[in-house]
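Remarks on the overall topology
What follows is each chain in one-letter form.
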Amino acid sequence: QSKTFANGSPRKTLVILGSGWGSVSLLKNLDTSKYNVVVVSPRNFFLYTPLLPSAPVGTVELKSIVEPIRAIGRRSKGEVIYHEGEASDVDTVNKVIKVKSSMNGAPHEFDVKYDYLVVGVGAQPNTFGTPGVYEHASFLKEISDAQEIRRKVMTTVSSAASLDPSDPERKRLLSFIVVGGGPTGVEFAAELQDFVDQDLSKWMPTISKEIKVTLVEASPNILGMFDKSLIQYTNDLFKKEKIEVKLKTAVKEVKETTVTTKCGDVVEETPYGILVWATGNAPRDVSLKLMSKLEEQNSRRGLLIDDKLRLLGGNGSIYSIGDCTFHAGLFPTAQVAFQEGVYLGEVFNKIHKIDQLKWELSNTQDKSSQEKIQAKIDIMNSKIDDFKYHHLGALAYIGSEKAIADIAMGESRYNLSGSFTFLFWRYAYLSMCISARNKVLVALDWIKVSIFGRNSSV
Ligand code: FAD
Ligand code: NAD
């Protein structure tokens, strides 16, 4: 793509950090022929996170829920350059990103210049500084996490099977603990129990009966963002499915084979075989570094943005979307990040027109022409509305082919639960898949599982 347009005006460089929900939605809605578009992300694919809890137990295959970033870029109008690497620092004065990458296995660092920057780096798992989490627990955030959990489940079950039923080590290995009763923890606990009841029970009936799935939640309720009736429905179903829910119980430490919990004044040490940590989000290092540089960034919860998604302190050239941000009324969900990406795509299409007019203005000597161009710029600027989030509702899979849904239609809210809601959940999640390829692969996975069961080979 040429560095200038036909009229001689420079083509500006738009750098997008991240290849997640926000960044990909932006990429899909941006006229990429209007900018030099550069994507920097350590992950060379988009990950469809809503189906990630299904992946460790094989309800869907990992390859079905990813889409290469280069394939997404190829489908856009203009060229999209992709750098596989991690933005480690942003020089907001000289408009340069420092990127950490690797070349032939050796660490490699380089700079990327920008005119406009969109920070969509997401968040990292929050451990609240709990000792032992990084060393002994698994997260459920990335594809590699799902692979790790899958491997751990299969090896742990095999190891337990080789032990005598009276051996306490067997009981420990078959104790699976999920920490965090948000939607990630609930959906994963449900998928795990499905796998045990629907698949493992056929090949290892004795072992499957001994497996105990426990969900540990620090607050008085799981699924805090859902209506009380849906929380109750989930609690009742979990009771039937024999998933133990420990409420008002905070994990204080994770050791190699035991976890320390505190409920009121009672401190307990519980042996476990596998522990999955799903207690929400914390800012990434690059976001923290950016916050520390800008006076206006005085929250530790995320990058502060204005109503047009501009980074506070970013001088109008930096925008930020998705889980790395913190703004009242905008939650860390795919739904929010997706809508922000759509909005920002439209904004950048308008900004291009404004920049073209500004270039014309700087090349015009005639006073009255200048005034006309300036008036056009003012009109274009006034056409950039604030971002408005439209909440469509929330869905969660809770096991045994049942789901819960909190549907928002205008001012009205509808709470649905059960098997019909599960079909709706499947329909909604399939239609939200980013590409036709993902839709087909996910649908085929579901059909295969319903006929042959889950493929749990590592
Ligand atoms: P992400 O999608 O996390 O993308 C961040 C991107 O930035 C990634 O590509 C990452 O590799 C990249 N990156 C990281 N560090 C750097 C760096 N230093 N430089 C450059 N790039 C970097 N939300 C819903 O609305 N519905 C759901 O059903 C749902 N299910 C979920 C299930 C799970 C298991 C999880 C973990 C989350 C789920 N969410 C769901 C939340 C949703 O996934 C997030 O809100 C969404 O991914 C946020 O999008 P994002 O673009 O901000 O970040
Ligand atoms: P979350 O922040 O929603 O929930 C984390 C839970 O962990 C909280 O309930 C918290 O009380 C608990 N917790 C924190 N520390 C603890 C400790 N030491 N011991 C025990 N419990 C502890 O996190 P999440 O579930 O990972 O979700 C992250 C974001 O992604 C949310 O915005 C969520 O809405 C979104 N998400 C949505 C869906 C969906 O819509 N189906 C699915 C997954 C994630």
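Above this text you will find the structure in question.
This section reports on the structure supplied with the text. (Residues numbered from 1 in each chain as written. Chains lettered and ligands numbered in written order. Predicted model: local features only at pLDDT ≥ 70, side-chain atom pairs only at ≥ 80, totals over all residues. Heavy atoms only, no water.)

1. Let's talk about unusual backbone geometry
Convention followed: Strands here mean DSSP runs of E at least two residues long; helices mean DSSP runs of H or I at least four residues long; both are numbered from the N terminus.
One non-glycine residue with positive phi stands out, namely L309, at about 65°. Summarising the element assignment, L309 is placed in the loop between strand 20 (303–304) and strand 21 (318–320). Even without a glycine there, the phi angle at N315 is positive, about 55°. Note that N315 resides in the loop between strand 20 and strand 21.

2. Description of the site of ligand 1
Our working rule: Being near a molecule or strand, for a residue, means having at least one of its heavy atoms within 4 Å of it. Between N or O atoms, a polar contact is any pair within 3.5 Å; within protein, one atom must be a potential hydrogen donor and the other a potential acceptor, and residues adjacent in sequence are included only when both atoms are from side chains. Classification used: nonpolar for Ala, Val, Leu, Ile, Met, Phe, Trp, Tyr, Cys and Pro, charged for Asp, Glu, Lys and Arg, polar for all others including Gly.
Lining the immediate surroundings of ligand 1 are 30 residues, of which S19, G22, T49, D323 and Y429 lie closest. Q335 is positioned such that a nitrogen or oxygen atom in its backbone is 3.3 Å from an oxygen atom of ligand 1. For the shell around ligand 1, the secondary structure elements donating two or more residues are helix 1 (21–29), strand 2 (36–41), strand 6 (86–91) and helix 10 (334–362). Per-element tally for the shell around ligand 1: the top contributor is helix 10, with 3 residues. Considered class by class, the residues forming the shell around ligand 1 number 14 nonpolar, 12 polar and 4 charged.

3. Describing the site of ligand 2
Close to ligand 2 lie 23 residues; T184, E217, V251, P332 and L395 are nearest. The contact in question runs from a nitrogen atom of ligand 2 to an N or O atom on the backbone of V251, over 3.0 Å. Between ligand 2 and L395, the relevant distance is 2.6 Å, taken from a nitrogen atom to a main-chain nitrogen or oxygen of the residue. Within the residue set of the shell around ligand 2, elements represented by two or more residues are helix 6 (183–203) and strand 15 (250–254). Ranked by the residues each element gives to the shell around ligand 2, the list is headed by helix 6, at 3 residues.

4. Considering the environment of L309
What counts here: Relative accessibility under 20% of the residue-type maximum defines a buried residue, over 50% an exposed one, and the middle range a partly exposed one, all with a 1.4 Å probe and only protein chains included. Two residues form a contact once any of their heavy atoms are found within 4.5 Å.
Overall, the relative accessible area of 1% leaves L309 in the buried class. Each C-alpha atom, one on L309 and one on T325, is 9.1 Å from the other, the two residues being 16 residues apart in sequence. Leaving out residues up to four positions away in the same chain, L309 has contacts with Y319, S320, I321, E340, Y343, L344 and F387.

5. Quick notes on the nonpolar core
Under the convention used in this document: The criterion is simple. A nonpolar core is a set of buried Ala, Val, Leu, Ile, Met, Phe, Trp, Tyr and Cys residues joined through side-chain atoms within 4.5 Å.
Within the largest apolar cluster, 97 residues are counted, with the highest numbers of intra-cluster contacts made by L51, I65, I211, L344, F348 and W425. Looking at which element gives the most residues to this core, the answer is helix 10, with 9 residues. Every residue in contact with I211, bar those within four places of it in the chain, is listed here: V157, L174, F176, V196 and L200. In this structure, V15, V90, V121 and I318 belong to the second largest nonpolar core, which totals 22 residues.

6. So, the packing of aromatic side chains
Defined as follows: Aromatic rings from Phe, Tyr and Trp, taking only the six-membered ring of Trp, are treated as a pair when their centres fall within 6.5 Å; an angle between ring planes under 30 degrees marks them as stacked, one over 60 as edge-to-face, and anything in between as tilted. Distance and angle both matter: a charge sits over a ring if NZ of Lys or CZ of Arg is within 6 Å of the ring centre and within 35 degrees of the ring normal.
Scanning the entire structure with this criterion turns up 15 aromatic pairs. Between Y116 and F348, the aromatic rings sit 5.6 Å apart at their centres with planes inclined by 65°, giving edge-to-face as the arrangement. Pair noted here: Y116 is in strand 9 (residues 116–119) and F348 is in helix 10, with a separation of 232 residues, a long-range link. Grouping residues by exposure puts Y116 and F348 together as buried. Relative to F387, the ring of Y343 has its centre 5.4 Å away and its plane inclined at 70°; by these criteria the two rings are edge-to-face. Highlighted residues: Y343 in helix 10 and F387 in the loop between helix 11 (367–382) and strand 23 (393–399), separated in sequence by 44 residues. One aromatic cluster is present, built from ring pairs that chain together Y397, F422, W425, Y429 and W446. Against the face of F5 rests R11, its NZ or CZ located 4.3 Å from the ring centre.

7. Things to note about the environment of Y116
Given a relative accessible area of 9%, Y116 falls into the buried group. With near-sequence residues (within four places) excluded, Y116 lies in contact with K12, T13, L14, V15, Y35, G316, S317, F348, I351 and D355.

8. Things to note about the pairing of strand 23
Convention followed: The criterion for strand pairing is that DSSP finds at least two bridges linking the strands in question.
Among the 7 residues of strand 23, 7 are classified as buried, and the element is accordingly described as predominantly covered. The pairing of strand 23 with strand 24 (residues 402–409) spans 6 bridges and is classified as antiparallel. Within strand 24, the residue paired with G393 across the bridge is I407. In textbook terms, the turn of a hairpin is the stretch between consecutive antiparallel strands, and for strand 23 and strand 24 this stretch comprises 2 residues, one of which, S400, has a positive phi near 50°.

9. A few points about the sheet that holds strand 13 (residues 212–216)
As a reminder of what qualifies: Whenever a helix is involved, its axis is fitted only over the stretch in contact; in every case the axis is a line through C-alpha atoms, and angles between N-to-C directions fall within 0 to 180 degrees.
Strand order across the open sheet formed by 5 strands is 11-18-12-13-14, with parallel pairing between neighbours. Strand pairing shows two members of the sheet lacking a second neighbour, strand 11 (138–139) and strand 14 (244–246), which therefore form its edges. Where strand 13 and strand 14 come together, 3 bridges link them in parallel fashion. Residue pairing across strands places L215 opposite V245, the latter belonging to strand 14. Against the sheet, helix 6 makes contact with strand 12 (175–179), strand 13 and strand 18 (274–277), and its axis sits at roughly 175° relative to strand 13, the strand it touches most.

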